[in-house]
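# Notes for the structure review
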Amino acid sequence: MPDTQPGADAALLLRGIAAGEAGALRRLYDAQGARLFGMAVAILRDRDAAADALHDAVLKIASRAGQFDPLRGEASAWLAAIVRNAALDLARARGRETPTDDPTLGDSPVEAEALERLAAAQQSGRLRDCLAALEARNREGILLAFVHGLSHAQIAARLELPLGTVKAWIRRGLVRLKGCLA
Amino acid sequence: MIPSDSEALDALAAEHVLGTLDAREAREVSRALPTHPALREAVAAWEARLAPLADLAPPQAPPPELWGRIEASLGARPEAVVTPLRPGRLWKAWSLGSTALAAGLAAFILLRPAEEPRMMTVLLTSGDQPAWLVEAERGGLRLASLNPRPVEPGRVQQLWALPPGATAPVSLGLIPEGGQASVAPGLVRPEPGMLIEITLEPPGGSPTGRPTGPILFIGRLAPVRGS
């Protein structure tokens, strides 16, 4: 049988939301809420702030659902980008540029074990291999920024490196990553 | 300032997606995105590259009261007015019987000799009940209702198609009374992945050329395997 499971398909639910279909946003929230809230918590390390970020993100999702283009990417990635941006905006508003020694940082693994969790899907596998080929601190900086929402200054404090060095490393790491994934 | 040099532009896009831009830089990028196609493309490419990393964060159930807060905020916005779709009890009874009917029709299509790649879908209600069988045929579409039910008085049902990659659905016309409808070839080229939906609209159809009412039924055209 062809694929006719809109309940399980975030892209279809986004179409439904764009057309004002009652219940579509709730179904999307039920299906994706825990995944997206987990991302916001990882960035903000504060459940109340993460709830604020997810609240703002869901309102954006509701009003921008019509802009999602299934040809340009996965719906799950589109949703994640909106939630990450909402969480990062909040983190910035909370004064992220100050280097901190946040003791709760690093509760979740960001190193080797985290990479193991990258799904076996081909795209994830390639990203994992390319990240593994980077220098360890370079890789750690990229993961701390992307998964945990750390600023350059916070990464520098955590890795005990000068700010300029961290900025240059991350930039170089991204260029290598792009080359490796190409 | 958004750099014009492509290497610097790509570096900016990468750090925007990574999240390391400061508040001012991030705001500049967000403002430029809608009017800067090269920047938008670079950001989309980096989002695709790094997307799997987002799922390294362990999922956590959001606080139970959060949905209520979201609903309250949505209710405060005028554009969020939607007409709820409430299938009646009779409709539910029809639906139950129709699942077997849908399976039978699908098997019938599968067993027919195919001279062209077959595509079909079953349009479902918001409750995942099968409602219409849609089959691509000689460049057009043929629709058969799996459970005819009366249309809400004073409203009509309008058929739409959204080809993959298109940003706006194309109207394929109003669904006539009775359980059958067909779309002539040329109006839209059926292709795998095309969304097909039926919305509830005012008499004469949507006045805006875009769906304005709730989606009654929706499905995605897919090749019939094994034909």
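Definitions and cut-offs
Residues numbered from 1 in each chain as written. Chains lettered and ligands numbered in written order. Predicted model: local features only at pLDDT ≥ 70, side-chain atom pairs only at ≥ 80, totals over all residues. Heavy atoms only, no water. UniProt positions renumbered as here; feature names shortened; annotations may be inferred. pLDDT = per-residue confidence, 0-100. Helix = DSSP H or I, 4+ residues; strand = E, 2+ residues; numbered from the N terminus. Contact = heavy atoms within 4.5 Å. Buried area = accessible area lost by both parts, 1.4 Å probe. Salt bridge = Lys/Arg side-chain N within 4 Å of Asp/Glu carboxyl O. Polar contact = N/O pair within 3.5 Å; in protein donor to acceptor, adjacent residues only side chain to side chain. Core = buried A, V, L, I, M, F, W, Y, C linked by side-chain atoms within 4.5 Å. Buried < 20%, exposed > 50% of the residue type's maximum accessible area, 1.4 Å probe, protein only. Disulfide = S-S within 2.5 Å.

You'll find chain B entered in an unreviewed UniProt entry as Anti-sigma-K factor RskA, with Muricoccus roseus given as the organism.

An unreviewed UniProt entry annotates chain A as RNA polymerase sigma-70 factor, ECF subfamily of Muricoccus roseus. Entered under Sequence similarities (unreviewed entry) in the UniProt record, the comment concerning chain A runs "Belongs to the sigma-70 factor family. ECF subfamily."

### A look at the confidence of the model for chain B
All names here are of chain B. Residues at a pLDDT of 70 or more form 80% of chain B, whose mean pLDDT is 79. Considering each helix and strand of chain B separately, the mean pLDDT is smallest for helix α5 (residues 89-111), with a value of 47, and largest for helix α1 (residues 6-18), with 95. A low-confidence stretch, residues 77-97 stays under pLDDT 50, and its non-local contacts, those more than four residues away or across chains, total 26 contacts. In this model residues 108-115 is a low-confidence stretch, pLDDT under 50, and it forms 12 contacts with partners more than four residues away in sequence or in other chains. Under the prediction, the complex receives an ipTM of 0.86, its pTM being 0.61.

### Thoughts on the interface of chain B and chain A
Contacts between the two partners involve 64 residues from chain B and, on the opposite side, 68 residues from chain A. Carbon and sulfur atoms supply 65% of the area buried between chain B and chain A, which totals about 6000 Å² over both sides. Of all residues in chain B, the largest losses of buried area upon contact with chain A belong to Leu18, Leu56 and Trp67 of chain B, amounting jointly to 12% of the total for that side. The tally of links between chain B and chain A comes to five salt bridges. Put simply, chain B and chain A have 12 residue pairs in polar contact (both at pLDDT 80 or more) between them.

### Side note on the nonpolar core
Of all hydrophobic cores here, the largest spans 85 residues; its most connected members are Leu14 of chain A together with Leu39 and Leu50 of chain B. A per-element tally of this core places helix α2 (residues 24-44) of chain A first, with 12 residues. If near-sequence neighbours (up to four positions away) are discounted, leucine 39 of chain B is found in contact with Ile2, Leu9, Ala13, Val29, Ala32 and Leu33 of chain B.

### Considering the pattern of salt bridges
Side chains that differ in sign of charge can pair as their charged atoms come close. Residue and element names in this part refer to chain B. Applying the stated rule across the entire model yields 15 salt bridges over all chains. For arginine 118, the salt bridge is made with glutamate 135, and the minimal N-O distance between the two is 3.0 Å. With arginine 118 in the loop between α5 and β1 (119-124) and glutamate 135 in strand β2 (residues 130-137), this pair connects stretches of sequence that are 17 residues apart. Overall, arginine 118 belongs to the buried group, its relative accessible area being 7%. Each member of the salt-bridge network shares a partner with another, and the members are Arg118, Glu135, Glu137 and Arg142.

### Considerations on the state of the cysteines
Residues and elements named next belong to chain A. Scanning the entire structure with this criterion turns up one disulfide over all chains. The side chain of cysteine 130 participates in a disulfide bridge whose partner is cysteine 180; the two sulfur atoms lie 2.0 Å from each other. Across the disulfide from cysteine 130 to cysteine 180, rotation about the S-S bond amounts to roughly -80 degrees, and the bridge is consequently left-handed. Highlighted residues: cysteine 130 in helix α6 (residues 122-132) and cysteine 180 in helix α9 (residues 163-181), separated in sequence by 50 residues. In this structure cysteine 130 comes out as buried when scored by relative accessible area, which is 5%. Classification of cysteine 180 by relative accessible area gives partly exposed; the value is 35%.

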